[in-house]
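Breakdown of the fold
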Amino acid sequence: MQVFDTRQINNLLSGVGLACELEATSGMNRAFVKVKAIDKQKYLNKIEPDLARFYLRKYEVPTSYLENEWDVTDDELIESVHEINIIGIKNLEKYLAQYLDNFGRLVSEWNCENPL
């Protein structure tokens, strides 16, 4: 099973979301996965990795929305999965492993074209 590296864990615990692009089910779409802490903390030592709460979002968006820089709402999402209140890093890794086989692809969400 894949695990997060130290940098990814530190990003998540300090409130920085991680995201990457996945293979879409259609050539007309682009797919993304994003994970982020629900309750971000300013300091890493204030939160325990086993007690932190996270959400996971996996979805596809029509390429036209990204090409034209249109706003994306939940109505435009395709194949959307939204898991909320995942407790602990280990549980987050288990949920994420269903959609991503290489956690090394996850980068800070602003380094990805993730529209949400």
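Residues numbered from 1 in each chain as written. Predicted model: local features only at pLDDT ≥ 70, side-chain atom pairs only at ≥ 80, totals over all residues. Heavy atoms only, no water.

**What about the nonpolar core?**
Within the largest apolar cluster, 20 residues are counted, with the highest numbers of intra-cluster contacts made by F4, L12, F54, L96 and L106. Where this core is concerned, the elements lending two or more residues are α1 (6–13), β1 (18–22), β2 (29–37), β3 (53–62) and α3 (89–97). It is β2 that provides the largest number of residues to this core, a total of 4 residues. Residues in contact with F4, not counting those within four places in the same chain, are I9, L12, L18, I89, L92, E93, L96, F103 and L106. Core analysis: the next-biggest nonpolar cluster, separate from the first, contains 9 residues, A19, Y59, L77 and C112 among them. (Core = buried A, V, L, I, M, F, W, Y, C linked by side-chain atoms within 4.5 Å. Buried < 20%, exposed > 50% of the residue type's maximum accessible area, 1.4 Å probe, protein only. Helix = DSSP H or I, 4+ residues; strand = E, 2+ residues; numbered from the N terminus. Contact = heavy atoms within 4.5 Å.)

**Here we look at the environment of Y65**
Relative to the assigned elements, Y65 resides in helix α2 (residues 63–67). C-alpha of Y65 to C-alpha of R30: the two residues are 35 residues apart in sequence and 9.8 Å apart in space. Leaving out residues up to four positions away in the same chain, Y65 has contacts with W70, D71, V72 and E76.

**Quick look at the environment of Q2**
With respect to the helices and strands, Q2 occurs in the segment before α1. Residue Q2 is classed as partly exposed on the basis of its relative accessible area of 30%. Separated by 58 residues in sequence, Q2 and E60 have C-alpha atoms that sit 23 Å apart. Within polar-contact distance, the side chain of Q2 engages the backbone oxygen of D101 at 3.2 Å. (Polar contact = N/O pair within 3.5 Å; in protein donor to acceptor, adjacent residues only side chain to side chain.)

**Describing the sheet that holds β1**
Strand order in the open sheet made by the 5 strands is β4-β3-β2-β1-β5, with antiparallel pairing throughout. The two strands at the open ends of the sheet, each matched to only one other strand, are β4 (78–87) and β5 (107–108). In the sheet, β2 pairs with β3 via 9 bridges, with the strands oriented antiparallel. When the bridges of β3 are listed, N29 appears paired with P62. Sheet contacts for α3: β2, β3 and β4; angle to β4, the most-contacted strand, approximately 165 degrees. (Pairing = 2+ DSSP bridges. Axes fitted to C-alpha atoms, helices over the stretch in contact; angles between N-to-C directions.)

**Quick word on unusual backbone geometry**
One non-glycine residue, E69, lies in positive phi territory at about 55 degrees. For E69, the position within the fold is in the loop between α2 and β4. A relative accessible area of 71% places E69 in the exposed class. One non-glycine residue with positive phi stands out, namely N85, at about 65 degrees. You can see N85 is positioned in strand β4. We classify N85 as partly exposed; its relative accessible area is 41%.

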